[in-house]
Amino acid sequence: KYKITGIVNEPGGNTDSVLGYEVLGNDADLPELFKKYTNALITLGQIKSADLRVKLYLQTQKIGFELPTVISPRAYVSKYASLGAGTVVMHDSLINTGAKIGNNCILNTKSLVEHDAIVEDHCHISTSSVVNGGTVIREKTFIGSNTITKEYITVGKNSVIGGGLRVVSDVQENTLMNNNEHIIAEKG
């Protein structure tokens, strides 16, 4: 549906090209670019914090850009699931019946969001992760690669769950986890 016309890079970043696409400018140029382009997609990931993704999302919305939902042709999204604005669903991901995905989320390659799960705004579900049925992932949370959540639990907002974990009970907000069920620090 969409054609990439160019990249907006961070100030001081590469000004020539990125992956063969012309660099059109940096974040400060967005108001001027809006005069020519009406769609924008935030492609910045999040590992330690969602803050920059959230800032870019709010900035592009304020300017007036439309933030399309982009779904890989190799992904499956149930017609009974919902996806928010600016969400990206990568190759071989699966979003099942009744799942609700918020705005500005990344569902990375081979991620699985099961039936009736909720992933709130500004979350990143990493490669090969499984969010089981009825689980709630609160806003601005990062779920690392190969992590599996138990069904019907809640992972609190602004948390970072490391890769390869099995999350079997509720997780408080602002939590940093890096090995199985072991909270090593609280963010904030």
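Structural data are supplied above this passage.
Residues numbered from 1 in each chain as written. Predicted model: local features only at pLDDT ≥ 70, side-chain atom pairs only at ≥ 80, totals over all residues. Heavy atoms only, no water.

Draft legend 1. How the structure looks around the layout of surface pockets. The calculated volume of the largest pocket comes to roughly 1,600 Å³. For the largest pocket, the lining is made up of 45 residues, of which I7, A40, L41, I42 and T43 are closest to its centre. Those elements that provide at least two residues to the lining of the largest pocket are β1 (7–9), β3 (21–26), α1 (30–33), α2 (51–63), β4 (70–71) and β7 (88–89). With 5 residues, α2 is the largest single contributor of residues to the lining of the largest pocket. Split into classes, the residues belonging to the lining of the largest pocket amount to 28 nonpolar, 11 polar and 6 charged. (1 Å grid on protein atoms, 1.4 Å probe; cavity = no way out; pocket = protein on both sides within 12 Å on 5 of 7 lines; lining within 4 Å. Points joined across faces, edges and corners; volume = space filled by probe spheres on them. Helix = DSSP H or I, 4+ residues; strand = E, 2+ residues; numbered from the N terminus. Nonpolar A, V, L, I, M, F, W, Y, C, P; charged D, E, K, R; others polar.)

Draft legend 2. Representation of the sheet that holds strand β9 (residues 100–101). On the basis of which strands lie adjacent, the open sheet formed by 5 strands has the order β6-β9-β12-β15-β18 and parallel pairing. Only two strands of the sheet have a single neighbouring strand rather than two, namely β6 (82–83) and β18 (154–155). Pairing of strand β12 (residues 118–119) with strand β15 (residues 136–137), which is carried by 2 bridges, proceeds in the parallel orientation. What sits directly across from I118, in β15, is V136. (Pairing = 2+ DSSP bridges.)

Draft legend 3. Summary view of the pattern of salt bridges. According to the stated counting rule, one finds 4 salt bridges in the structure shown. Close ionic contact of E151 with K150 constitutes a salt bridge, the shortest N to O distance being 3.8 Å. (Salt bridge = Lys/Arg side-chain N within 4 Å of Asp/Glu carboxyl O.)

Draft legend 4. Seen up close, the nonpolar core. One finds I95, V113, V119, I137 and I161 to be the most contacted residues of the largest nonpolar core, which totals 23 residues. Here I137 is in contact with I118, V119, E120, C123, I125, V131, I143, T149 and V155, once residues within four sequence places are set aside. L30, A40, L56 and L67 belong to the second-largest nonpolar core, a separate cluster that totals 7 residues. (Core = buried A, V, L, I, M, F, W, Y, C linked by side-chain atoms within 4.5 Å. Buried < 20%, exposed > 50% of the residue type's maximum accessible area, 1.4 Å probe, protein only. Contact = heavy atoms within 4.5 Å.)

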